[in-house]
Amino acid sequence: MSNGVSSALKNGGEVYNEEVDDALALLPQYLRVYVNHYHDDFYIAKSFDPRLVAQLMVEGFLPIAGSSRYLLPKLHVERCVLQLRPQSNLHISKSTRKKSKRFQLSINEAFDDVVAGCHQQHGINWLFPPIVSAFRTLQKETIQYGDCQAQLVENGSFQPSGAIPMRFYSIEIWNAETGALAGGELGYSVGGIYSSLTGFSREDAAGSVQLAALGKLLLQCGFLHWDLGMEMEYKRQLGAELIGRTDFVREVHRTRVEDKYLVLRCNGRRNAKEIIDFDRPDIASAANKKPRSGSKHERATKDGGAKKRPHKDDK
């Protein structure tokens, strides 16, 4: 619906809600056994199974929890999205650039500490134990195998036609002098889209530096879009714009196949200013002139001890 406004229309003497009709149409048929439309942007499910959470992610839903009993996948009527390629709209202030030298960025080093930081700053909010457990499972699988496997189910079908990788991350920002955790966030990627879930900061400028460094790292790794969820002023200031949910879901379905090998990497703790100032025009020209596997995008190589995923028939 334009402007996210629902309209009640009369048809044959009955009143129906066009936005609800649109919401149902965007819920794939094969998921309707487990998920129902709840109200407005929200859907509802009674399961926190990590496989269901991953499946919702690859269909464009942002999974949050309404309580310890109910999963509330959200499909925003309008999504706040920052374009990274082909032309980056990322804006970083001079003040943030200057302060960034005080911090280091890392990926997947401190999941539980990031969750604790979010709880400390925001309360439980929607990070209830069952969804934290699901996220932890997906993050561990990402570290161990390089990705989490969801099913590719074509529109209108109930049978999977392939697999889609999604990846879960904790992002950490550290005080470079003391080594203390200064902030961080939880997020995940599907194809060329990285989605931010929630975050926190404990030090002045830590939050803005984390966002700036993460944005540049996403750009360096070849990502196309940064999904920031609901609209907020600081997201607009970063360069994000609103996208209707039908267009957003269409882009998720495209990129989850075409850009499925894109991986967010940091290679240990890196100085945030180094990341922010490291502008390279092409993903193929990697740091230190080291070649990357794959012809167009960075491939999901199993570095850092990632193992081969066991086949379901393996003993």
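In what follows, the accompanying structure is described.

1. Comments concerning the pattern of salt bridges
Reasoning step 1: Going through the model one piece at a time under the given rule, you end up with 16 salt bridges.
Reasoning step 2: Of the charged contacts in the structure, one is a salt bridge between Asp-204 and Lys-99, with a shortest N-O distance of 3.9 Å. Here Asp-204, found in the loop between β12 (193-201) and α6 (206-220), pairs with Lys-99, found in helix α3 (residues 94-99); they are 105 residues apart in sequence, far enough to count as distant.
Reasoning step 3: For Lys-99, a relative accessible area of 28% puts it in the partly exposed group.
Reasoning step 4: Notably, a salt bridge pairs Arg-167 with Asp-147, separated by 3.9 Å at the nearest N-O pair. Taken as a pair, Arg-167 in strand β10 (residues 162-175) and Asp-147 in the loop between α5 (129-145) and β9 (148-152) lie far apart in primary sequence, 20 residues in all.
Reasoning step 5: Residue classification places Asp-147 among the buried residues on the basis of a relative accessible area of 10%.
Reasoning step 6: Via salt bridges that share partners, Glu-251, Arg-254, Glu-258 and Asp-259 belong to a single interconnected network.

2. Some points on α6
Residues separated by three or four positions in an α-helix point in the same direction, a consequence of the helix having 3.6 residues per turn.
Reasoning step 1: With 15 residues, α6 should reach 21 Å at 1.5 Å per residue; the first-to-last C-alpha distance of 21 Å fits that figure.
Reasoning step 2: In terms of burial, α6 is largely enclosed, as 13 of its 15 residues are buried.
Reasoning step 3: In the stretch just after α6, Gly-222 is the one whose phi turns positive, near 95°.

Reading the values: the criteria
Residues numbered from 1 in each chain as written. Predicted model: local features only at pLDDT ≥ 70, side-chain atom pairs only at ≥ 80, totals over all residues. Heavy atoms only, no water. Salt bridge = Lys/Arg side-chain N within 4 Å of Asp/Glu carboxyl O. Helix = DSSP H or I, 4+ residues; strand = E, 2+ residues; numbered from the N terminus. Buried < 20%, exposed > 50% of the residue type's maximum accessible area, 1.4 Å probe, protein only. Expected span 1.5 Å × (residues − 1).

In short, geometric facts, not functional conclusions.
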